[in-house]
Amino acid sequence: MNYQQQQLIYWEKQGYDQLCGVHCINSLLQGPYFNEVDLATIAQELDRQEIELLGKTGHRYKSQNVAEDGNFSIQVLAEALKKLGDLYIESVDSKINQNQDLSQESGFICNSQAHWFSIRKIDNIWYNLNSTNKRAPEIISDFYLSAFLLSVKENGYQIFVVKGVYPPPQLDNIDQSDRQKVLTTQFVKQVHDRRVKKKNYKLNIGGSDEVEMEKALKQSKGEKYESTDEEFEEEGQQPQKKQSTPKFQGQGVQFQHQKSVVNYPNFNIDPLDAEYRSIILMTLEQKFSMQLEEGLVILFQLPGGQNKQYTFSYDATVEDLYDFIFFESRQQPMRFILICPIQKLQLLDVSQQLLDIGIDTMTQIIVKKE
(Lines give C-alpha, C1' and ligand atoms only; values in the text may rest on other atoms or scores of the structure.)
Protein backbone atom coordinates (compact mmCIF):
# COMPACT_ATOMS: atom_id res chain seq x y z
CA MET A 1 0.00 0.00 0.00
CA ASN A 2 1.26 3.48 -0.85
CA TYR A 3 1.49 5.45 2.41
CA GLN A 4 3.00 8.58 0.92
CA GLN A 5 1.23 11.86 1.73
CA GLN A 6 -1.02 10.10 4.25
CA GLN A 7 -1.35 10.76 7.96
CA LEU A 8 -0.69 7.52 9.79
CA ILE A 9 -1.10 6.10 13.28
CA TYR A 10 0.81 3.14 14.69
CA TRP A 11 -1.21 1.00 17.13
CA GLU A 12 -0.58 -2.33 18.82
CA LYS A 13 -3.54 -4.54 19.72
CA GLN A 14 -3.39 -6.95 22.63
CA GLY A 15 -4.22 -10.62 22.19
CA TYR A 16 -4.26 -13.25 24.91
CA ASP A 17 -0.81 -12.11 26.05
CA GLN A 18 -0.05 -9.94 29.10
CA LEU A 19 2.27 -7.63 27.17
CA CYS A 20 0.23 -4.47 27.59
CA GLY A 21 3.38 -2.67 28.80
CA VAL A 22 5.07 -3.38 25.46
CA HIS A 23 1.98 -2.33 23.49
CA CYS A 24 1.58 0.80 25.63
CA ILE A 25 5.10 2.13 25.12
CA ASN A 26 5.29 1.27 21.41
CA SER A 27 1.94 2.90 20.66
CA LEU A 28 3.04 5.96 22.63
CA LEU A 29 6.29 6.18 20.65
CA GLN A 30 4.52 5.40 17.34
CA GLY A 31 6.63 2.44 16.32
CA PRO A 32 7.82 -1.03 17.42
CA TYR A 33 10.77 0.32 19.39
CA PHE A 34 10.68 -2.40 22.06
CA ASN A 35 9.67 -6.03 22.45
CA GLU A 36 9.12 -8.16 25.54
CA VAL A 37 12.77 -9.30 25.55
CA ASP A 38 13.99 -5.69 25.62
CA LEU A 39 11.79 -4.82 28.60
CA ALA A 40 12.63 -8.08 30.38
CA THR A 41 16.35 -7.25 30.03
CA ILE A 42 15.75 -3.82 31.58
CA ALA A 43 13.76 -5.46 34.40
CA GLN A 44 16.62 -7.89 35.11
CA GLU A 45 19.13 -5.05 35.27
CA LEU A 46 16.92 -3.12 37.69
CA ASP A 47 16.53 -6.28 39.79
CA ARG A 48 20.32 -6.69 39.89
CA GLN A 49 20.79 -3.11 41.05
CA GLU A 50 18.14 -3.49 43.75
CA ILE A 51 19.65 -6.76 44.99
CA GLU A 52 23.05 -5.09 45.33
CA LEU A 53 21.54 -2.09 47.09
CA LEU A 54 19.51 -4.16 49.55
CA GLY A 55 22.19 -6.76 50.06
CA LYS A 56 19.82 -9.62 49.33
CA THR A 57 20.69 -12.87 47.61
CA GLY A 58 19.06 -13.57 44.29
CA HIS A 59 17.14 -16.65 45.36
CA ARG A 60 15.43 -14.69 48.16
CA TYR A 61 14.54 -11.72 46.01
CA LYS A 62 11.13 -11.41 44.34
CA SER A 63 11.22 -9.07 41.36
CA GLN A 64 9.26 -5.85 41.70
CA ASN A 65 9.90 -5.01 38.05
CA VAL A 66 8.27 -7.88 36.19
CA ALA A 67 5.41 -10.05 37.41
CA GLU A 68 5.05 -13.76 36.71
CA ASP A 69 2.42 -12.98 34.10
CA GLY A 70 4.82 -10.68 32.22
CA ASN A 71 3.46 -7.32 33.43
CA PHE A 72 6.21 -4.70 33.82
CA SER A 73 6.66 -1.96 36.45
CA ILE A 74 6.65 1.79 35.90
CA GLN A 75 10.40 1.78 36.56
CA VAL A 76 10.93 -0.51 33.55
CA LEU A 77 8.90 1.70 31.22
CA ALA A 78 10.60 4.84 32.53
CA GLU A 79 14.04 3.31 31.95
CA ALA A 80 13.04 2.23 28.45
CA LEU A 81 11.98 5.79 27.62
CA LYS A 82 15.31 7.12 28.91
CA LYS A 83 17.18 4.86 26.49
CA LEU A 84 15.63 6.75 23.57
CA GLY A 85 17.10 10.05 24.74
CA ASP A 86 15.39 13.01 26.32
CA LEU A 87 12.17 11.40 27.57
CA TYR A 88 11.05 11.23 31.19
CA ILE A 89 7.83 10.76 33.15
CA GLU A 90 6.06 12.74 35.86
CA SER A 91 2.89 11.96 37.75
CA VAL A 92 -0.02 14.20 36.78
CA ASP A 93 -0.57 14.61 40.55
CA SER A 94 2.89 16.07 41.17
CA LYS A 95 3.13 19.71 42.26
CA ILE A 96 4.68 20.78 38.97
CA ASN A 97 1.67 19.47 37.02
CA GLN A 98 -1.06 20.76 39.32
CA ASN A 99 -3.27 23.39 37.70
CA GLN A 100 -1.49 22.86 34.38
CA ASP A 101 -3.29 22.63 31.05
CA LEU A 102 -2.59 18.96 30.31
CA SER A 103 -3.89 19.34 26.74
CA GLN A 104 -0.59 21.11 25.97
CA GLU A 105 1.36 17.90 26.70
CA SER A 106 2.23 15.27 24.08
CA GLY A 107 1.44 11.97 25.75
CA PHE A 108 0.48 10.00 28.85
CA ILE A 109 0.87 6.46 30.12
CA CYS A 110 -1.78 5.04 32.46
CA ASN A 111 -1.32 2.14 34.85
CA SER A 112 -3.57 0.05 37.05
CA GLN A 113 -2.40 -3.04 38.92
CA ALA A 114 -2.81 -5.20 35.85
CA HIS A 115 -2.87 -2.98 32.76
CA TRP A 116 -0.99 -0.28 30.87
CA PHE A 117 -2.26 1.94 28.08
CA SER A 118 -1.13 5.19 26.46
CA ILE A 119 -2.72 8.42 25.26
CA ARG A 120 -0.91 10.43 22.60
CA LYS A 121 -1.40 13.63 20.65
CA ILE A 122 -0.72 13.01 16.95
CA ASP A 123 -1.03 15.85 14.45
CA ASN A 124 -2.84 17.89 17.13
CA ILE A 125 -5.46 15.20 17.78
CA TRP A 126 -5.59 13.14 20.97
CA TYR A 127 -5.94 9.35 20.67
CA ASN A 128 -6.66 6.67 23.24
CA LEU A 129 -4.18 3.96 22.16
CA ASN A 130 -5.40 1.29 24.57
CA SER A 131 -4.32 -2.10 23.22
CA THR A 132 -7.70 -3.58 24.20
CA ASN A 133 -9.65 -1.26 21.88
CA LYS A 134 -11.68 -3.44 19.58
CA ARG A 135 -10.75 -2.02 16.20
CA ALA A 136 -8.64 1.12 16.30
CA PRO A 137 -7.36 4.02 18.41
CA GLU A 138 -10.13 6.20 19.83
CA ILE A 139 -10.31 9.95 19.20
CA ILE A 140 -10.44 12.22 22.27
CA SER A 141 -11.43 15.85 21.80
CA ASP A 142 -9.40 18.59 23.53
CA PHE A 143 -12.57 19.56 25.38
CA TYR A 144 -13.09 16.00 26.70
CA LEU A 145 -9.44 15.21 27.54
CA SER A 146 -9.58 16.48 31.13
CA ALA A 147 -12.83 14.64 31.84
CA PHE A 148 -11.39 11.45 30.36
CA LEU A 149 -8.22 11.66 32.46
CA LEU A 150 -10.36 12.21 35.55
CA SER A 151 -12.43 9.13 34.66
CA VAL A 152 -9.24 7.10 34.23
CA LYS A 153 -8.03 8.18 37.71
CA GLU A 154 -11.40 7.40 39.28
CA ASN A 155 -11.13 3.87 37.89
CA GLY A 156 -7.94 3.24 39.85
CA TYR A 157 -5.24 4.22 37.34
CA GLN A 158 -2.09 6.20 37.95
CA ILE A 159 -1.40 8.65 35.13
CA PHE A 160 2.07 9.81 34.10
CA VAL A 161 2.93 12.63 31.70
CA VAL A 162 5.66 11.67 29.24
CA LYS A 163 7.77 14.76 28.64
CA GLY A 164 10.77 15.54 26.48
CA VAL A 165 11.67 15.01 22.83
CA TYR A 166 9.81 12.10 21.24
CA PRO A 167 11.59 10.02 18.60
CA PRO A 168 10.22 10.14 15.03
CA PRO A 169 7.52 7.58 14.14
CA GLN A 170 9.00 4.25 13.08
CA LEU A 171 6.58 3.07 10.39
CA ASP A 172 8.86 1.62 7.72
CA ASN A 173 9.08 -2.11 7.02
CA ILE A 174 6.38 -3.05 9.52
CA ASP A 175 4.98 -6.48 8.77
CA GLN A 176 1.39 -5.63 9.63
CA SER A 177 -0.36 -8.31 11.62
CA ASP A 178 -3.30 -8.74 13.94
CA ARG A 179 -1.21 -7.07 16.66
CA GLN A 180 0.89 -4.44 14.85
CA LYS A 181 -1.14 -2.03 12.74
CA VAL A 182 -0.42 1.09 10.70
CA LEU A 183 -3.73 2.85 10.15
CA THR A 184 -4.62 5.99 8.25
CA THR A 185 -6.22 8.80 10.23
CA GLN A 186 -9.09 8.68 7.75
CA PHE A 187 -9.82 5.07 8.68
CA VAL A 188 -9.59 5.84 12.42
CA LYS A 189 -11.98 8.77 11.94
CA GLN A 190 -14.48 6.58 10.09
CA VAL A 191 -14.41 3.99 12.89
CA HIS A 192 -14.83 6.78 15.44
CA ASP A 193 -17.79 8.32 13.60
CA ARG A 194 -19.54 4.96 13.57
CA ARG A 195 -18.92 4.31 17.27
CA VAL A 196 -20.10 7.67 18.58
CA LYS A 197 -23.50 7.05 17.04
CA LYS A 198 -24.00 4.00 19.26
CA LYS A 199 -26.00 4.15 22.45
CA ASN A 200 -23.95 4.36 25.66
CA TYR A 201 -20.78 5.21 23.74
CA LYS A 202 -17.75 5.64 25.99
CA LEU A 203 -13.99 5.52 25.63
CA ASN A 204 -12.27 2.27 26.56
CA ILE A 205 -10.11 2.10 29.69
CA GLY A 206 -10.45 -1.65 30.21
CA GLY A 207 -7.51 -3.95 30.75
CA SER A 208 -8.83 -6.91 28.78
CA ASP A 209 -10.87 -7.59 25.70
CA GLU A 210 -13.72 -9.40 27.43
CA VAL A 211 -15.08 -10.87 24.20
CA GLU A 212 -11.69 -12.33 23.23
CA MET A 213 -11.08 -13.69 26.73
CA GLU A 214 -14.49 -15.36 26.79
CA LYS A 215 -13.84 -16.92 23.39
CA ALA A 216 -10.47 -18.23 24.58
CA LEU A 217 -12.00 -19.67 27.75
CA LYS A 218 -14.74 -21.44 25.82
CA GLN A 219 -12.22 -22.77 23.31
CA SER A 220 -9.99 -24.14 26.06
CA LYS A 221 -12.99 -26.07 27.43
CA GLY A 222 -13.96 -27.33 24.00
CA GLU A 223 -17.15 -25.30 24.09
CA LYS A 224 -18.68 -23.17 21.35
CA TYR A 225 -18.77 -19.41 21.81
CA GLU A 226 -22.18 -17.85 21.10
CA SER A 227 -22.10 -14.15 20.18
CA THR A 228 -24.62 -11.97 21.98
CA ASP A 229 -26.83 -9.36 20.36
CA GLU A 230 -25.09 -6.73 22.49
CA GLU A 231 -21.72 -7.72 21.08
CA PHE A 232 -22.95 -7.31 17.52
CA GLU A 233 -24.53 -3.96 18.34
CA GLU A 234 -21.25 -2.68 19.80
CA GLU A 235 -19.42 -3.65 16.63
CA GLY A 236 -22.11 -2.22 14.36
CA GLN A 237 -23.10 -5.69 13.11
CA GLN A 238 -26.45 -7.36 12.89
CA PRO A 239 -26.76 -10.68 14.70
CA GLN A 240 -27.22 -13.54 12.27
CA LYS A 241 -30.41 -15.42 13.00
CA LYS A 242 -30.20 -19.17 12.93
CA GLN A 243 -32.38 -20.82 10.32
CA SER A 244 -33.14 -24.49 10.05
CA THR A 245 -33.51 -24.18 6.28
CA PRO A 246 -32.08 -21.52 3.98
CA LYS A 247 -34.63 -19.07 2.59
CA PHE A 248 -32.58 -18.26 -0.51
CA GLN A 249 -34.42 -19.30 -3.64
CA GLY A 250 -32.55 -20.53 -6.69
CA GLN A 251 -29.04 -21.82 -7.14
CA GLY A 252 -26.36 -21.19 -4.57
CA VAL A 253 -23.25 -22.63 -3.06
CA GLN A 254 -23.99 -24.84 -0.07
CA PHE A 255 -21.57 -24.56 2.84
CA GLN A 256 -21.32 -28.11 4.04
CA HIS A 257 -21.18 -27.50 7.79
CA GLN A 258 -23.61 -24.57 8.12
CA LYS A 259 -26.11 -25.60 5.43
CA SER A 260 -26.17 -22.00 4.23
CA VAL A 261 -25.81 -20.41 0.82
CA VAL A 262 -23.79 -17.59 -0.65
CA ASN A 263 -26.16 -15.19 -2.34
CA TYR A 264 -23.55 -14.14 -4.90
CA PRO A 265 -25.33 -13.57 -8.22
CA ASN A 266 -22.44 -14.54 -10.51
CA PHE A 267 -22.57 -18.09 -9.17
CA ASN A 268 -25.92 -18.37 -10.95
CA ILE A 269 -24.57 -17.70 -14.44
CA ASP A 270 -25.55 -20.45 -16.82
CA PRO A 271 -22.29 -22.26 -17.70
CA LEU A 272 -23.52 -22.54 -21.29
CA ASP A 273 -24.02 -18.76 -21.57
CA ALA A 274 -20.43 -17.88 -22.52
CA GLU A 275 -21.39 -14.47 -23.90
CA TYR A 276 -22.97 -13.28 -20.65
CA ARG A 277 -20.05 -14.60 -18.63
CA SER A 278 -17.65 -12.71 -20.92
CA ILE A 279 -19.57 -9.45 -20.34
CA ILE A 280 -19.41 -9.95 -16.55
CA LEU A 281 -15.65 -10.59 -16.66
CA MET A 282 -15.06 -7.51 -18.83
CA THR A 283 -16.95 -5.42 -16.28
CA LEU A 284 -14.91 -6.86 -13.41
CA GLU A 285 -11.66 -6.32 -15.31
CA GLN A 286 -12.48 -2.63 -15.55
CA LYS A 287 -13.49 -2.57 -11.88
CA PHE A 288 -10.17 -4.01 -10.65
CA SER A 289 -7.82 -2.50 -13.22
CA MET A 290 -6.73 0.27 -10.82
CA GLN A 291 -5.43 -0.10 -7.25
CA LEU A 292 -6.58 2.50 -4.74
CA GLU A 293 -3.81 4.34 -2.89
CA GLU A 294 -5.83 4.25 0.32
CA GLY A 295 -8.51 1.93 1.64
CA LEU A 296 -8.97 -1.50 3.15
CA VAL A 297 -6.08 -3.80 2.25
CA ILE A 298 -7.45 -7.35 2.15
CA LEU A 299 -5.16 -10.39 2.04
CA PHE A 300 -6.59 -13.45 0.28
CA GLN A 301 -5.32 -17.01 0.70
CA LEU A 302 -6.34 -19.03 -2.36
CA PRO A 303 -7.13 -22.77 -2.34
CA GLY A 304 -3.77 -23.64 -3.91
CA GLY A 305 -1.85 -21.77 -1.22
CA GLN A 306 -1.17 -18.65 -3.32
CA ASN A 307 -1.73 -15.22 -1.82
CA LYS A 308 -3.44 -12.21 -3.40
CA GLN A 309 -3.80 -8.67 -2.09
CA TYR A 310 -6.09 -5.84 -3.12
CA THR A 311 -7.06 -2.44 -1.69
CA PHE A 312 -10.82 -1.94 -1.50
CA SER A 313 -12.71 1.28 -0.77
CA TYR A 314 -13.83 1.99 2.79
CA ASP A 315 -17.47 1.40 1.81
CA ALA A 316 -16.74 -1.94 0.10
CA THR A 317 -19.14 -4.84 0.62
CA VAL A 318 -18.72 -8.60 0.81
CA GLU A 319 -19.85 -8.74 -2.82
CA ASP A 320 -16.75 -6.77 -3.82
CA LEU A 321 -14.59 -9.51 -2.27
CA TYR A 322 -16.48 -12.18 -4.21
CA ASP A 323 -16.16 -10.12 -7.40
CA PHE A 324 -12.40 -9.92 -6.96
CA ILE A 325 -11.89 -13.66 -6.47
CA PHE A 326 -14.42 -14.48 -9.20
CA PHE A 327 -12.35 -12.37 -11.59
CA GLU A 328 -8.98 -13.69 -10.37
CA SER A 329 -10.13 -17.30 -10.86
CA ARG A 330 -11.50 -16.69 -14.37
CA GLN A 331 -8.98 -19.06 -15.98
CA GLN A 332 -10.11 -21.88 -13.69
CA PRO A 333 -13.70 -21.07 -12.77
CA MET A 334 -14.86 -22.33 -9.39
CA ARG A 335 -17.49 -21.79 -6.78
CA PHE A 336 -16.12 -20.82 -3.41
CA ILE A 337 -16.85 -19.43 0.02
CA LEU A 338 -14.92 -16.65 1.72
CA ILE A 339 -14.00 -17.12 5.37
CA CYS A 340 -12.59 -14.57 7.81
CA PRO A 341 -10.68 -16.64 10.41
CA ILE A 342 -10.02 -13.73 12.81
CA GLN A 343 -13.73 -12.90 13.10
CA LYS A 344 -14.69 -16.58 12.73
CA LEU A 345 -17.12 -15.56 10.00
CA GLN A 346 -18.28 -17.28 6.86
CA LEU A 347 -19.09 -14.42 4.48
CA LEU A 348 -22.45 -15.50 3.13
CA ASP A 349 -24.37 -12.22 2.86
CA VAL A 350 -22.83 -10.22 0.02
CA SER A 351 -24.79 -7.06 0.88
CA GLN A 352 -22.93 -6.44 4.16
CA GLN A 353 -20.33 -3.67 4.33
CA LEU A 354 -16.90 -4.86 5.42
CA LEU A 355 -16.49 -2.28 8.21
CA ASP A 356 -19.92 -3.15 9.58
CA ILE A 357 -18.88 -6.76 10.21
CA GLY A 358 -15.50 -5.93 11.69
CA ILE A 359 -13.32 -6.48 8.63
CA ASP A 360 -10.71 -3.74 8.47
CA THR A 361 -7.40 -3.22 6.71
CA MET A 362 -4.87 -6.08 6.63
CA THR A 363 -7.56 -8.68 7.35
CA GLN A 364 -6.88 -12.14 5.96
CA ILE A 365 -9.63 -13.89 3.98
CA ILE A 366 -9.46 -17.60 3.18
CA VAL A 367 -10.94 -18.74 -0.15
CA LYS A 368 -12.53 -22.19 0.31
CA LYS A 369 -13.29 -24.06 -2.89
CA GLU A 370 -16.58 -25.91 -3.10
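Cut-offs and rules
- Residues numbered from 1 in each chain as written.
- Predicted model: local features only at pLDDT ≥ 70, side-chain atom pairs only at ≥ 80, totals over all residues.
- Heavy atoms only, no water.
- UniProt positions renumbered as here; feature names shortened; annotations may be inferred.
- Helix = DSSP H or I, 4+ residues; strand = E, 2+ residues; numbered from the N terminus.
- Buried < 20%, exposed > 50% of the residue type's maximum accessible area, 1.4 Å probe, protein only.
- Contact = heavy atoms within 4.5 Å.
- Pairing = 2+ DSSP bridges.
- Axes fitted to C-alpha atoms, helices over the stretch in contact; angles between N-to-C directions.
- Core = buried A, V, L, I, M, F, W, Y, C linked by side-chain atoms within 4.5 Å.
- Parallel < 35°, antiparallel > 145°, perpendicular 65-115°, else oblique.
- Left-handed = near helix turned anticlockwise from the far one by under 90°.
- Nonpolar A, V, L, I, M, F, W, Y, C, P; charged D, E, K, R; others polar.

Looking at an unreviewed UniProt entry, the protein carries the name Ataxin-3 homolog, with the source organism given as Paramecium octaurelia.

(A) Representation of the UniProt feature "active site" (unreviewed entry) in the protein in the model. UniProt records the feature "active site" (unreviewed entry) for Cys20, His115 and Asn130 in the present numbering. Taking the farthest pair of C-alpha atoms as the criterion, the annotated set spanning 111 residues converges on one region, since that pair is 9.6 Å apart. Among the secondary structure elements, Cys20 is positioned in helix H1 (residues 20-29). By relative accessible area, Cys20 is classed as buried at 1%.

(B) Quick peek at helix H3 (residues 74-83). Along H3, the residues classified as buried are Ile74, Val76, Leu77, Ala78, Ala80 and Leu81. Looking at the packing, one finds that the buried side of H3 touches H1, helix H2 (36-54), strand S2 (87-91), strand S3 (107-111), strand S4 (116-122) and strand S7 (158-164). Within two residues after H3, Gly85 carries a phi angle of roughly 120 degrees, on the positive side.

(C) Highlighting the environment of Asn130. In this fold, Asn130 is placed in the loop between strand S5 (125-128) and strand S6 (138-140). In this structure the C-alpha to C-alpha distance between Asn130 and Phe117, which are 13 residues apart in sequence, comes to 4.8 Å. The residues touching Asn130, leaving out its near neighbours within four places in the chain, are Trp11, His115, Phe117, Ser118, Asn204, Ile205 and Gly206.

(D) How the structure looks around the side chain of Asn97. The residue Asn97 is located in the loop between S2 and S3 in this model. Among the residues examined, Asn97 registers a relative accessible area of 3% and is labelled buried. Once residues within four sequence positions are removed from consideration, Asn97 is found in contact with Glu90, Ser91, Val92, Glu105, Val161 and Lys163.

(E) View of unusual backbone geometry. Although it is not a glycine, Gln30 adopts a positive phi angle of roughly 65 degrees. Following the sequence through the fold, Gln30 ends up in the loop between H1 and H2.

(F) Looking closely at the sheet that holds S3. Pairing in this open sheet of six strands is antiparallel, and the strands run S2-S7-S3-S4-S5-S6 from one edge to the other. Both edges of this open sheet fall to S2 and S6, since each of them pairs with a single strand only. If you compare each strand with its neighbour and ignore which way they point, the axes differ by 30 degrees on average. When S4 meets S5, the two strands line up antiparallel, connected through four bridges. Within the sheet, the bridge partner assigned to Lys121 lies in S5 and is Trp126. Running at roughly 80 degrees to S6, helix H5 (residues 185-195) makes contact with S5 and S6 of the sheet.

(G) Spatial organisation of the nonpolar core. Tyr322 and Leu347 are the most contacted members of the largest nonpolar core, which totals 50 residues. When residues in this core are grouped by element, the largest group, seven residues, is from helix H9 (residues 318-328). What Tyr322 contacts, discounting residues up to four positions off in sequence, is Val262, Tyr264, Phe267, Phe336, Ile337, Leu338, Leu347 and Val350. If you look at the next biggest cluster of nonpolar residues, it comprises 24 residues, including Ile42, Ala43, Leu77 and Leu81.

(H) Focus on the sheet that holds strand S14 (residues 345-347). Taken in spatial order, the five strands make up an open sheet running S12-S11-S15-S13-S14, and their pairing is mixed. Among the strands making up the open sheet, the edge pair consists of strand S12 (307-312) and S14. Each adjacent strand pair in this sheet contributes to an overall mean axis angle of 30 degrees, direction not counted.

(I) Broad picture of the environment of Leu145. On the secondary structure map, Leu145 appears in helix H4 (residues 142-154). Considering only alpha carbons, one finds Leu145 and Leu102, 43 residues apart in sequence, at a separation of 8.3 Å. In this structure Leu145 touches Leu102, Ser103, Trp126 and Ile140, once residues within four positions along its chain are discounted.

(J) Examining H9 more closely. Buried residues dominate H9, accounting for nine of its eleven residues. Every buried residue of H9 is listed here: Val318, Asp320, Leu321, Tyr322, Asp323, Phe324, Ile325, Phe326 and Phe327.

(K) Representation of the packing of H2 against H3. Contact geometry for H2 and H3: axes closest at 9 Å, N-to-C directions at 110 degrees. Between H2 and H3, the angle is such that the two are roughly perpendicular. Like other packed secondary-structure pairs, H2 and H3 cross with a definite hand, here right-handed. Counted together, Leu39, Ile42, Ala43 and Leu46 of H2 and Gln75, Val76, Leu77, Glu79, Ala80 and Lys83 of H3 form the full contact between these two elements. When the residues that make up the contact of H2 with H3 are grouped by side-chain class, the tally is seven nonpolar, one polar and two charged.

(L) The arrangement of the pairing of strand S15 (residues 363-369) in detail. Note: strand S11 (residues 296-301) against S15, four bridges, orientation parallel. Following the sheet pairing, Gln301 is matched in S15 by Ile366. Sheet analysis places strand S13 (residues 336-340) next to S15, joined by four bridges and oriented antiparallel. In the sheet register, Phe336 faces S15, and the bridge partner there is Lys369.

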